[in-house]
Each structure stands twice: as C-alpha cells, then as structure tokens.
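Observations on chain architecture
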Amino acid sequence: MNRTTQSLIAAVAALAAVTGFAVANEPDGSGDDGAKAAARLPVERTSLLCPVPSSSDLAETSYTAFTPAGEGSGKTGKAQLLPATRALKVTPEGAAREEKKDDKPFLTSKAPGKPVTGEESGGDVPALIGTADGRLAPGWTVQQTTKYAVGSGRGVQGTNCTAPDTDFWFPGASTDKDRSDYVHLTNPDDTAAIVDVELYGKDGALKTEVGEAIQVQPHSSVPVLLSTLSPKEQTNLTMHVTARSGRVAAAVQSSDDKLGGDWLPASADPASRLVLPGIPEDATSVRLVAFAPGADDADLKVQLASPTGSISPAGHANLHVKSGMTSAVDLGDVTKGEAGSLILTPTEDAAPVVAALRVTRGKGADQETAFIPATNAIGTRATVADNRAKGSTLSLVAPGKTGKVKVTASEGSEGGSPTSKTYTVKGGTTLGVKAPVPSGLKGTYAITVEPVSGGDVHASRMLESPEDGIPMFTVQTLPDDRGTVSVPEAEQDLKVLQK
C-alpha cells in the first residue's frame, strides 16, 4: 500500500469522526464482500443552533450545555455558544475583520460531566450558534427553556438546540386563527443558504410562492410566519423545509391565544414504523397528525403502549393517510391517567410516514400544550439537559422486545454527585419514572440514557413548571446524541476509494 493511499484512508476516517459521515461498501455481487465490522469513534466536532427564544419583554430564557463524561477525542477541547450575528473573522477573500462585542461567548463549557448554565431576560436574545470540539464534542447537548408568565403562548417553551441539516418535516404545524406558528431558519455558515418551505393540508399542497427561495444570510436567523405563506386557515398542516443550497437549523415556535404554546421539533425521517414517546398521564387531549410524503397511501395500525401493554385507542385502531395529504385525529384523554406512548405500524403494504402529537394538559382557562414528534431509538446513548430537582419525568417505551437501559443523572451545575439507575422496559409498554436526581443537587443537571440489553428503547423527558394553576410543561424526545460515529475498517475504505 503506497503512502498516497494510506493518506486517503486516514482522511476518510478523520472525516467520518468529525462530521458523522460514514462510508459503506456496496456489495459487488461476488458473495464475499459483505460489510465488515466498523469501529465507533468519538466525534471530534459538534455544531448546534438555538433559535431566537422570544420577542416578549416578559420572557425568561435559560440555556444549559452538557457533554457526557467519557472518552472524548484528545485531552483538550472547547465548547461555546455565540450570537448568530457575530462578526465573521475572515472575509471570503481571506482578509481579517475586526471583531465585535457580540463575539464574546454567551456560554462556555469547560469539562465533560458537568452542566453549565446561562440566563437571559426580555425579547432581544439572539439566535445562538454553538460548536464543540475535542473531548467536549461527543454528545454535546444544549437545552433552551423559556418561560412566559402571560400573553399568547404563555407557559414553558423548551427545545433541544439542533444540528444544521438540509431536510426537515414538521407535522402538527398550523395556520389556524388562534395560532401563531413561526418557522425559525438559522444559518451557521459563511455563505447564504437558500431554503424552500412547503405546506400540506388535508387536501394536499397549499399553493404559495412566498415560501420559495427564502434567503438566510450567513450567521443569521430568519423567522417566517406560516400564515403569511397561505391565506387559507388550516388547523392541521405538515410543513416541509428543504435547503437548495447551504444548510440550516429549523424549528417551529407555536403560540396559541388560549392553549399556551411550545416548540415543535422536526419529526424523525419518513418511515413505515414510528414511535411517539411520552404522553403525560394527565393529558386531557391528544391530537395525532400524520403525513405520507411518498407516492403511496399509508394504512397505519395505531397502538397505545401503556404501562401494562399495547392497546388500540377506542374508535381509532387504524388511520388512513393519503399520499401528499395531512391526516389528523383527536384521541381525547387517551392515556386515562397512565403514562403512554403511540406506536404506528403498517397494516398492509409499508409506506413512509412522518407524525407528531399535540398534547394538552389542564382544563378551561388553565390549559397548556406541548408537542411530541416521532423519534428514533436512543441508539448508543441519548442525552437531555436542564433537569430540575422537581418536575422532570422520563418516559421509556420498548415498541418490540423488552429492553434494559441505564439512566445516569450527572453532577449538578452548582454541585451534587452523579447517580445511576437501571430500568427494564417490557416489550410493548411505556415506563414512566421520575428522573433520578444527583445526590446533594445544586442547580440543574443532565440525564443520559444508554442501552444495556434487549430491544430498542425510545425515550422522552417532560419538564414541568406549574404556575398560578396552569400546568406549564414542555417535552423533549431523546434520540441518539451523536457522540460517536461508525468508521469502517481501512480495507473497506480502500475498496470505496478504488471504485
């Protein structure tokens, strides 16, 4: 093997470790070229983007950043959140620019295993761009939590800051007269991104040219009010966000005049089987919104995974979703006082679907809502930050075989010792537990969930902060935290490079 080939192989491995890109060898039909074992290595760099939290002067926003303790890349590292409007340090021509005051980091993580926090008040908090490298990169997680005491959308609005991408699905959006839904598009890069926003209602695509070719300037964020994209009011919509060029982070902030509000995260990629974990036991109303993006209709079996087993909600055992159209069904107080999750599976031929739940707690004037999108299993490890001594609840669901997971509570942001517990989740059930709390906790803490044995487990965390009789809450799902990436063996990489 010559030096050039060795260098190419090293470059491919490094790229995979940095970006999460994995190289797969396609079979050539010879019968002996099956996929070889791939090592999982810690990522060397993580990027996260946090949307503008609020325009209200009464809003209070907290940020919590956390890297799980473990074997990261190297002995050093840096993790920072900076305003998206920071000055570019280098022009496209390579000339240095003068740094501005907003280049100062908003929040800096110093070591794995301990959360760091920051707080802001009022409505002038910018979108934030975060990067972590070295030993702080694997699993770096940032939670943004905003509390509104009054006004449209009042309540707790929380979201995990997300990685930039080029394709997002948002079932559960709305242009209803009582709703104000904004999609926030944030560009972390040094060149402009061009983004298309498409809306699909119960009768198919909504005609609009306003959502085409939206330009998001470098290191900036653009909010788009969905009702400006179509004059027709629709209660249940699916939104598709795609980047023609560049990449963005996308999240929907939904505010309701009567029912509070929260962030609607993107659904997991279209799939024929979906899991939506963590319907609160005291949910008074649950709405399922689904969309079939492919060429075929989808016929789904709807099951509620309760603490004792899976059952079909009365009157809603099946759901037919027409291709290119949004379907919605109100399930009422489907959990009946017990923690639950929805599992969607094909009844006949499999067709890809995206889905989300809108969950309501409380009654009358004291109602609050949150969203639960379909999410992937916890994978190698899942992480969620900003947990409190009271009000943090975990939902764990095993849609297939029984699974066992290890849940670790980190040390606190201001003190406290980590603690771990192991839970067994029976197949077809949801296990709702109060999150373990660090011994001697001061401040907030993070939770990691890791598989121990058995089948896949999906998870979510509900954070409660009741006020004046309103059950304010937010729900975050826990997919894999992307702390490691699969890197193929050098021999397999060589075959890919030689093709």
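First, a word on scope: everything that follows refers to the structure included in this document. (Residues numbered from 1 in each chain as written. Predicted model: local features only at pLDDT ≥ 70, side-chain atom pairs only at ≥ 80, totals over all residues. Heavy atoms only, no water.)

1. Remarks on the state of the cysteines
The criterion, for reference: Two cysteine sulfur atoms make up a disulfide if the distance between them is within 2.5 Å. Helix numbering and strand numbering both begin at the N terminus, where a helix is a DSSP run of H or I of at least 4 residues and a strand a DSSP run of E of at least 2. Burial classes follow relative accessibility: with a 1.4 Å probe on protein chains only, a residue under 20% of its type's maximum area counts as buried, one over 50% as exposed, and anything between as partly exposed.
On inspection of all chains with the given rule, the structure shows one disulfide. Disulfide partner of Cys 50: Cys 161, at an S-S distance of 2.0 Å. Measuring the twist about the S-S bond at about 110 degrees, one finds the Cys 50-Cys 161 disulfide to be right-handed. Placement of Cys 50 in strand 2 (residues 45–50) and of Cys 161 in the loop between strand 9 (155–160) and strand 10 (167–173) is noted, with a sequence separation of 111 residues between them. Looking at Cys 50, the relative accessible area reads 0%, which means it is buried.

2. So, the sheet that holds strand 15 (residues 220–225)
Worth spelling out the cut-off: Between any two strands, pairing holds if DSSP finds at least two bridges. Lines are fitted to the C-alpha atoms to define the axes, a helix being fitted only along its stretch in contact, and any angle between axes, read from their N-to-C directions, falls within 0 to 180 degrees.
Spatially, the four strands line up as an open sheet ordered 15-11-17-18, and their pairing is antiparallel. Edge strands, defined here as strands with exactly one partner in the open sheet, are strand 15 and strand 18 (260–264). When strand polarity is set aside, the average angle formed by the axes of neighbouring strands in this sheet is 20 degrees. As defined by bridge partners, strand 11 (residues 179–187) adjoins strand 15 across six bridges and the pair is classed as antiparallel. Of the residues in strand 15, the one forming a bridge with His 184 is Pro 223.

3. Quick word on the sheet that holds strand 6 (residues 116–121)
Judged by pairing direction, the sheet is antiparallel, and its four strands sit side by side in the order 6-3-8-9 without closing on themselves. In this open sheet, the two edge strands, each paired with only one partner strand, are strand 6 and strand 9. Ignoring which end each strand starts from, the neighbouring axes of this sheet average 15 degrees apart. Of the pairings in the sheet, the one linking strand 3 (residues 60–66) to strand 6 comprises six bridges and is antiparallel in character. Along strand 6, the bridge assignment pairs Ser 62 with Glu 119.

4. Digging into the side chain of Ser 62
Where we set the bar: Any two residues having at least one pair of non-hydrogen atoms within 4.5 Å are treated as being in contact.
Among the structural elements, Ser 62 can be located in strand 3. For Ser 62, a relative accessible area of 15% translates into the label buried. Ser 62 has contacts with Gly 118, Glu 119, Gln 143, Gln 144, Thr 145, Asp 386 and Arg 388, leaving out every residue within four places of it along the chain.

5. Things to note about the pattern of salt bridges
Side chains that differ in charge, positive against negative, can pair when their charged atoms come close. Cut-off, in case you're wondering: Salt bridge criterion: a side-chain nitrogen from Lys or Arg within 4 Å of a carboxyl oxygen from Asp or Glu.
One pass over the full model with this rule turns up 12 salt bridges. The salt bridge involving Arg 179 is made with Asp 181; its shortest N-O contact spans 2.8 Å. For Arg 388, the salt bridge is made with Asp 386, and the minimal N-O distance between the two is 2.7 Å. Residue class for Arg 388 comes out partly exposed when judged on its relative accessible area of 28%. You can call Asp 386 buried: its relative accessible area is 1%.

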